[in-house]
Structure formats: structure tokens, C-alpha cells
Amino acid sequence: MSKLEGNGRWGGKMLLTEHQEQYGRREQTISGKATSDEMRLIREAILLPHLMTMLQRSIDEISRSQISMHNVMARFMRVLLDRVSLESFGTRRELKKRNIKILSDQTQDDIVYTSYLCRGYEDKFGMTREIMRAEISSHLAKAVESILKPIKE
């Protein structure tokens, strides 16, 4: 091994960038900014805990109520909560694998700002409460549909 081979300068200086892929010398470096797919994961990691809290409150409320069939509704809600909980766990695991950490929440002017750290790059992500409600409602509808879909078939 010569002095020039190990330092990484030789390959980049002598080859044009379009030829580096051909010779397999191009290194995949991921920048600190989050990609659109990672932003979707961050968004889910923010919304799913809120959805789980809403589901738990609903389970508690249904369990205390005098509605006939409250046991059936509470059981369905628990299945739904389990499904959302597993999804949340998978999202957090994927974020950890991609070296992304969710730091803190702040609320200013009815906008919830969440700070996150993505491979050394710190940024904020903001959503209004209305958008959060709409996203949670949409996510809840998809989760219910995924549970009921096998029953319909």
C-alpha cells in the first residue's frame, strides 16, 4: 500500500465524480439534514404518542361508562392501542437506526415545535394543532381499517 492510497485524497483528485461510481470508489456520506422519508418518521414519532394518549383516555372513559357493550368497545380500543404502540416502537427503532433523536416540544402561537437532532444537525419541526388533529384522525382511520379489513373479507 502506497502513501497515497490510504488517505482518500488520491481517488477523489484523479477521477471525475461521474467516473468514481464506475470504479466503486465513491463513498456514501449521508448529510446531517433529514430526508423527506426521515421527516415522515419524525412526524410519526411526534404524533403517535399523542394518539396513544387519546386512545388510553377513551379506553378509560368507555370502561367507566354505563354503555351497553362497553366491554366490546374497550377490547377493540385496546387492540387498536396495541397496534399503534407497536407502530410507535418500530418508528422509534428506525429513528435510532438512522441516528435521529427527538429532543423537546415547545408551543408558541398554537404551533407545536419539536426539536430534533439528525446526525449532528439540530433543527425544529412545527405543526399547528389543527394539522396534528387531522393527521391523528387520518392515522386512526387507517389503523381501524387495517383491523377491520380481515373481518370484511
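Rules used throughout
Residues numbered from 1 in each chain as written. Predicted model: local features only at pLDDT ≥ 70, side-chain atom pairs only at ≥ 80, totals over all residues. Heavy atoms only, no water. Helix = DSSP H or I, 4+ residues; strand = E, 2+ residues; numbered from the N terminus. Contact = heavy atoms within 4.5 Å. Areas by Shrake-Rupley, 256 points an atom, 1.4 Å probe, with all protein chains shown as cover. Pairing = 2+ DSSP bridges. Axes fitted to C-alpha atoms, helices over the stretch in contact; angles between N-to-C directions. Parallel < 35°, antiparallel > 145°, perpendicular 65-115°, else oblique. Left-handed = near helix turned anticlockwise from the far one by under 90°. Nonpolar A, V, L, I, M, F, W, Y, C, P; charged D, E, K, R; others polar. 1 Å grid on protein atoms, 1.4 Å probe; cavity = no way out; pocket = protein on both sides within 12 Å on 5 of 7 lines; lining within 4 Å. Points joined across faces, edges and corners; volume = space filled by probe spheres on them. Expected span 1.5 Å × (residues − 1). Buried < 20%, exposed > 50% of the residue type's maximum accessible area, 1.4 Å probe, protein only. Phe/Tyr/Trp six-rings, centres within 6.5 Å; stacked < 30°, edge-to-face > 60°. Lys NZ or Arg CZ within 6 Å of the ring centre and 35° of its normal.

Trainee: A description of the overall build of the chain should follow, citing residues and the corresponding values.
Mentor: Of the regular secondary structure elements, the chain holds five helices and three strands. Counting from the amino terminus, helix and strand elements in the chain follow one another as α-α-α-α-β-β-β-α. Of all intrachain contacts in the chain linking residues separated by at least 6 positions in sequence, the fraction that spans at least 24 positions is 50%. Counting every atom, the chain has about 11,400 Å² of accessible surface; 52% of that belongs to carbon and sulfur.

Trainee: I'd like a description of the pairing of strand β2 (residues 111-118), backed by residues and values.
Mentor: For strand β1 (residues 100-108) and β2, the ladder comprises eight bridges, and the chain directions are antiparallel. Bridged to Q106 within β2 is Y113. Between the end of β1 and the start of β2, which pair antiparallel, lie two residues, with D109 showing a positive phi angle near 50°. Inspection of the sheet shows β2 paired to strand β3 (residues 121-128) by eight bridges, in the antiparallel sense. By the bridge assignment for β3, Y116 is matched with D123. Between β2 and β3, which pair antiparallel and follow one another directly, the connecting turn spans two residues, one of which, R119, has a positive phi of 50°.

Trainee: Which residues make up the packing of helix α3 (residues 36-64) against helix α4 (residues 70-97), and what values do they have?
Mentor: Where α3 meets α4, the axes come as close as 9 Å, and the angle between the chain directions of the two elements is 160°. The orientation of α3 with respect to α4, classified from their angle, is roughly antiparallel. Crossing handedness for the pair α3 and α4: left-handed. Considered class by class, the residues forming the contact of α3 with α4 number 16 nonpolar, seven polar and four charged.

Trainee: Please set out the layout of surface pockets residue by residue, giving values where relevant.
Mentor: Space inside the largest pocket adds up to approximately 300 Å³. In terms of lining residues, the largest pocket is bounded by 13 residues, among which H50, M54, M132, R133 and I136 are the most central. Take the lining of the largest pocket: its biggest share by element is six residues, from helix α5 (residues 129-152). Counted by class, the lining of the largest pocket contains five nonpolar, four polar and four charged residues.

Trainee: An account of the sheet that holds β3 is needed here, citing residue identities and associated values.
Mentor: Across the sheet, three strands lie side by side as β1-β2-β3; this open sheet has antiparallel pairing. Two strands close off the open sheet at either side, each with one partner strand: β1 and β3. On average, each strand axis in the sheet is tilted by 25° relative to the strand beside it, whichever way the strands run. Along the sheet face, α3 touches β1, β2 and β3 and points at about 60° away from the line of β3.

Trainee: Which residues make up α3, and what values do they have?
Mentor: The first and last C-alpha atoms of α3 sit 42 Å apart over 29 residues, in line with the 42 Å expected at 1.5 Å per residue. Residues of α3 that are buried include every one of E38, L41, I42, E44, A45, I46, L47, L48, L51, L55, I59 and I62, and no others.

Trainee: Quick rundown of the packing of aromatic side chains? Include the residues and the values.
Mentor: Overall, the coordinates contain zero aromatic pairs when judged by the stated rule. The aromatic ring of Y113 is capped on one face by K124, whose charged end is 5.8 Å from the ring centroid.

Nothing here speaks to function; it is geometry throughout.
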